[in-house]
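Residue-level structure breakdown
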Amino acid sequence: MKKHFKIWTLVFLLIGMACSSSDSDDDMNSNPSPTPNPPPSGSTKLKIVYDEFQGSSLAIVGSSVQNLLVAFDRALEGESLNFTVVQDSLPIIMQDDAGSYWNIFGQATDGPNQGKQLESPSSFMGYWFSWGAFYPGLEIYDHTANPPNLGATVSGSDGWSIPRDEVYIGAPKEAIPSIDNPNFVRVKTTKAGDPDNFIDDAEFVVLVMINGTSHVYPHNILNWHEIVNDEIDDSKFALVFCPLTGTSTVWDRNINGSNSTFGVSGFLYNSNVVPYDRTSGSNWSQMLLKSVNGSLEGTNSKNIFAIETTYATARNISSDFQQMTTDTGYSRNYTQNPYGNYPVNSSIMFSVNFDDNRLHAKERVLGVIINGKAKAYRFTSF
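Below is a summary of the structure that appears in this document. Keep in mind that what you see is a predicted model, and the values were worked out from it rather than measured.

Tracing the backbone through its elements, the reader meets Asp-110 in the loop between β8 (101-103) and β9 (122-127). For Asp-110, the contacting residues outside a window of four places in its chain are Gly-99, Ser-100 and Tyr-101.

In structure tokens form, the structure reads like this:
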């Protein structure tokens, strides 16, 4: 192990995060202001932005008040569709020129295109600093400031496709326990509050829908566990969440024909979680969407569409879903964020390759990845 690896115990990491509040005011005064999470008042209208990126024509649909951003490829059977926003009808968000309505999962629910599915590029929400670190110089939609530089060229070393001496140890392996047998409670009405009585409407959740069945995973639980190995029908997947970069991805657990589970390796790269699959022991980069070390190095993750939004909006999207409960088998205070005010201050716990200060470090943006390139979309555009 190289001498410039930094070893941080789990306890030190969590205490450090919780105690970082004393520096938050100075941090906020010396950095661009973050985009606030607006209260549920005023206009809630969705907006569609058409954009071209890496040869794809995209429809980005979002609402700053509803805290919702999703991306779809407009191409369907060789044609590029045009859409009109449908307001106040979640999960329906738009209508095409042929008269079909489309829901937030990219599915046509009626009309000539009923049953058809729009493709979604690899895309997920995350703190700005993480997108700037992993994809130096990435374009920001509707933003004129140029990046300060393009960052250093990243090359692998010592059996990793990323620089091993920049891979930190944030905690011992499996010290942050994944949830491998999640328990759920059914929520059947949009007017119902949290049946587990630990999450508020404005708090964030991740929503996954497969074959009409929806699972909702509160950040309040994910902050403590980072990975949930779950399944819906025959689809086995892992929800990977990184509290340090604010990123949620969902990966198919069938890797090269074999079902695996993922665990928390304890490694961090660019302050981002490095999961490992328990079948091969290979380490993966969440934000690079691929294995970066081990026998599966270079293997891309198979991504499953997921939505990160507030609990209130999730209940408007799906009025009948299964919500993960605090019955995890672990004793944790799920009403408390172990990282304190980290989500809103500008501190970054571990060093990153490239610091892009065009936006506040913790502004949440939607990053779209195509052909290894990324582009960021801000709530201010919606």
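Now for the pattern of salt bridges. Within the structure shown, the criterion is met by 11 salt bridges. Of the charged contacts in the structure, one is a salt bridge between Glu-139 and Lys-375, with a shortest N-O distance of 3.3 Å. One end of the pair, Glu-139, is in strand β10 (residues 139-140); the other, Lys-375, is in strand β27 (residues 373-378), with 236 residues separating them in the sequence. The class of Glu-139 is partly exposed, set by a relative accessible area of 44%. With relative accessibility at 2%, the residue Lys-375 sits in the buried group. Linked by salt bridges that have partners in common, Asp-51, Glu-139 and Lys-375 make up one network.

Under the defined criterion, the tally for this structure stands at 15 aromatic pairs. With centroids separated by 5.7 Å and ring planes inclined at 75°, the aromatic side chains of Phe-262 and Trp-284 adopt a geometry described as edge-to-face. Of this pair, Phe-262 sits in strand β20 (residues 262-269) while Trp-284 is found in strand β22 (residues 283-285), placing the two residues 22 residues apart along the sequence. For the pair Phe-262 and Trp-284, a shared accessibility class is recorded, and that class is buried. Connected via pairs of aromatic rings, a cluster forms that spans Phe-72, Phe-105 and Phe-305. Sitting over the face of the ring of Tyr-50, Arg-74 holds its NZ or CZ atom 3.8 Å from the ring centroid. A cation sits over an aromatic face here: Lys-362 above Tyr-342, 3.4 Å from the ring centre.

Take Leu-289: it is sitting in the loop between β22 and β23 (290-293). Classification of Leu-289 by relative accessible area gives buried; the value is 8%. For the pair Leu-289 and Ser-301, spaced 12 residues apart in the sequence, the C-alpha separation amounts to 5.3 Å.

Next up on the list: unusual backbone geometry. Residue Pro-91 follows Leu-90 across a cis peptide bond; omega there is 15°. Summarising the element assignment, Pro-91 is placed in the loop between β6 (83-85) and β7 (92-96). Of note, the phi angle at Gln-54 is positive, near 50°, even though the residue is not glycine. Relative to the helices and strands, Gln-54 is located in the loop between β1 (47-53) and β2 (56-63). A residue is classified by how much of its surface remains accessible, and Gln-54, at 36% relative accessible area, is partly exposed. The phi torsion at Asn-67 lies on the positive side, around 55°, for a residue other than glycine.

Quick notes on the rules
Residues numbered from 1 in each chain as written. Predicted model: local features only at pLDDT ≥ 70, side-chain atom pairs only at ≥ 80, totals over all residues. Heavy atoms only, no water. Helix = DSSP H or I, 4+ residues; strand = E, 2+ residues; numbered from the N terminus. Contact = heavy atoms within 4.5 Å. Salt bridge = Lys/Arg side-chain N within 4 Å of Asp/Glu carboxyl O. Buried < 20%, exposed > 50% of the residue type's maximum accessible area, 1.4 Å probe, protein only. Phe/Tyr/Trp six-rings, centres within 6.5 Å; stacked < 30°, edge-to-face > 60°. Lys NZ or Arg CZ within 6 Å of the ring centre and 35° of its normal.

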